[in-house]
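Geometric and topological summary
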Amino acid sequence: MAPDAGLDRTFHALADASRRGMIDRLSRGPASVSELAQPLAMALPSVVKHLAVLEAGGLVTSEKAGRVRTYRLAPGGLSAVETWVAARKAGLEKQFDRLEEYLQQQAAAPPKEP
Amino acid sequence: MERQAAHTTFVIEREFAASPARVFGAWADPEAKKRWTDCHPGSWTRSHSLDFRIGGLEVNSAFDEQGVGHHCQSLYLDIVPGERIVYAYDIVSAGVRISVSLVTVEFKAAGAGARMVFTEQAVFLDGAPGLEERIEGTGEGFDRLALEVEPVGSAH
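What you see is a predicted model, and the numbers here were worked out from it, not measured in a lab.

1. A word on a nonpolar patch on the surface
A cluster of nonpolar side chains, namely Leu57(B), Leu75(B), Leu77(B) and Leu102(B), defines an oily patch on the protein surface of about 290 Å² accessible area. Inspection of the secondary structure assignment puts Leu57(B) in strand E3 (residues 57–63).

Shown next, in the form of structure tokens:
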């Protein structure tokens, strides 16, 4: 896998607020799927899908013991602060997308004179 | 609680098909600013006020479905119309101050449009507890992300 493809997957994994929430939860220690699902008001299959994206992004690892699969932050994944900055940048980029939309709308329909 | 102060700087550059004056205007006008910065789910209640002048404050408050408050307050420190804005802001989520930042936004002509350079110098406090609440609703938007994080250290 090209390094860029790995980075794309990492960014994709972080681009969702629920997944960032899971990362934050795991930064406080390993957790099972049901523990991760509990504060999210989300069905277990959805949680499992999100965790698969995080695992593909190299951000978490998992291991199964009996019937319980436990997730933890991947060693060598992003540090807490890097995750934090990535999340903030994602939020800002989203706002700047909206700024761009606003400017386009304004150009299409200039505001009425008062 | 273990006290931490982690410092970092990051930069976001964007180009717009609008003049620097118009991009600047979207930061300066309270109605415009409110429109493009509203990134919380519709179920949240939000209030926004902007006093855009040097020494003026901007206050952004949002309350989620559980009534938990998320507040962002900015103090404008330098304003050069059409060219530059410098402000300090903090984020307080569920009563915890998550971060304090100094932001410089520069507007420059680029072709027929404008280039905007957003530089944030941030200190993240105490491991940024409450991360998931704060970032709830920021949504997608990573397509343009280029991570330019300078070396991050937990102590300087």
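2. Topic: helix H2 (residues 17–26) of chain A
Count 3.6 residues to each turn of an α-helix, and residues three or four apart come out pointing the same way. With nine of 10 residues buried, H2(A) is to be regarded as a mostly interior element. For H2(A), the set of buried residues is Ala17(A), Ser18(A), Arg19(A), Arg20(A), Gly21(A), Met22(A), Ile23(A), Asp24(A) and Leu26(A).

3. A look at the packing of H2(A) against helix H4 (residues 44–56) of chain A
Residue and element names in this part refer to chain A. Their axes nearest at 10 Å, the elements H2 and H4 cross at an angle of 75°. The orientation of H2 with respect to H4, classified from their angle, is roughly perpendicular. Mapping the contact onto sequence places Ser18, Arg19, Met22 and Ile23 in H2 and Val47, His50, Leu51, Val53 and Leu54 in H4. By residue class, the composition of the contact of H2 with H4 is six nonpolar, two polar and one charged.

4. Thoughts on the nonpolar core
Ranked by size, the top nonpolar core spans 34 residues in total, and within it Leu99(A), Val23(B), Trp27(B) and Phe118(B) carry the most contacts. In terms of residues, this core owes the most to one element, helix H5 (residues 80–108) of chain A, which gives seven residues. What Phe118(B) contacts, discounting residues up to four positions off in sequence, is Leu92(A), Phe96(A), Phe10(B), Val11(B), Ile12(B), Trp27(B), Tyr87(B), Val103(B), Thr104(B) and Val105(B). Within the second largest apolar cluster, 16 residues are counted, among which are Leu26(A), Ala31(A), Leu54(A) and Leu59(A).

5. Here's the deal with the pairing of E3(B)
Residue and element names in this part refer to chain B. Where strand E2 (residues 45–50) lies against E3, six bridges are found, and the strand directions are antiparallel. Bridged to Arg46 within E3 is Ala62. Hairpin connection from E2 to E3: six residues lie between these consecutive antiparallel strands, with Gly55 at a positive phi of about 90°. With seven bridges connecting them, E3 and strand E4 (residues 69–80) associate as antiparallel partners. Along E4, the bridge assignment pairs Phe63 with Gly69. Where E3 hands over to E4, the hairpin turn is made up of five residues, of which Gly67 adopts a positive phi near 80°.

6. Quick word on the pairing of strand E7 (residues 113–125) of chain B
For a regular strand, side-chain orientation follows a simple rule: the groups alternate between the two sheet faces. Residue and element names in this part refer to chain B. Among the 13 residues in E7, 11 count as buried, and that is most of the element. Pairing geometry for strand E1 (residues 5–16) and E7, over 12 bridges, is antiparallel. Each bridged residue has a counterpart across the sheet, and for Phe16 the counterpart in E7 is Ala114. Where strand E6 (residues 96–110) and E7 come together, 12 bridges link them in antiparallel fashion. Among the inter-strand pairings, Lys108 is bridged to a residue of E7, identified as Arg115.

7. Considerations on the sheet that holds strand E3 (residues 68–73) of chain A
All names here are of chain A. Spatially, E1-E3-E2 is the arrangement adopted by the three strands of the open sheet, whose pairing is antiparallel. Of all strands in the sheet, those bounded by a partner on one side alone are strand E1 (31–32) and strand E2 (60–65). On top of the sheet, H2 reaches E1, E2 and E3; it is set at about 85° to E3, its chief contact. Sheet contacts for H4: E2 and E3; angle to E2, the most-contacted strand, approximately 120°.

8. Some remarks on the confidence of the model for chain B
Residue and element names in this part refer to chain B. Averaged over chain B, the pLDDT score is 80; the fraction of residues at 70 or greater is 78%. Confidence scores differ between elements of chain B, with helix H3 (residues 131–135) showing the lowest mean pLDDT of 38 and helix H1 (residues 20–28) the highest of 97. Long-range and interchain partners of residues 129–156, a stretch whose pLDDT sits below 50, account for 73 contacts in this model, where long-range means more than four residues apart. Across the whole predicted complex the pTM is 0.65, and at the interface the ipTM reaches 0.77.

9. Considerations on the environment of Ser74(B)
All names here are of chain B. Looking at where Ser74 falls in the secondary structure, it is placed in strand E4. For Ser74, a relative accessible area of 4% puts it in the buried group. Discounting residues that sit within four places of it in the chain, Ser74 has contacts with Gly56, Leu57, Glu58, Tyr87, Ala88 and Tyr89.

What counts, and where the lines are drawn
- Residues numbered from 1 in each chain as written.
- Chains lettered and ligands numbered in written order.
- Predicted model: local features only at pLDDT ≥ 70, side-chain atom pairs only at ≥ 80, totals over all residues.
- Heavy atoms only, no water.
- Patch = residues over 30% accessible without salt bridge, like charges linked within 9 Å, V, L, I, M, F, W, Y side chains within 5 Å.
- Areas by Shrake-Rupley, 256 points an atom, 1.4 Å probe, with all protein chains shown as cover.
- Salt bridge = Lys/Arg side-chain N within 4 Å of Asp/Glu carboxyl O.
- Helix = DSSP H or I, 4+ residues; strand = E, 2+ residues; numbered from the N terminus.
- Buried < 20%, exposed > 50% of the residue type's maximum accessible area, 1.4 Å probe, protein only.
- Axes fitted to C-alpha atoms, helices over the stretch in contact; angles between N-to-C directions.
- Parallel < 35°, antiparallel > 145°, perpendicular 65-115°, else oblique.
- Contact = heavy atoms within 4.5 Å.
- Nonpolar A, V, L, I, M, F, W, Y, C, P; charged D, E, K, R; others polar.
- Core = buried A, V, L, I, M, F, W, Y, C linked by side-chain atoms within 4.5 Å.
- Pairing = 2+ DSSP bridges.
- pLDDT = per-residue confidence, 0-100.

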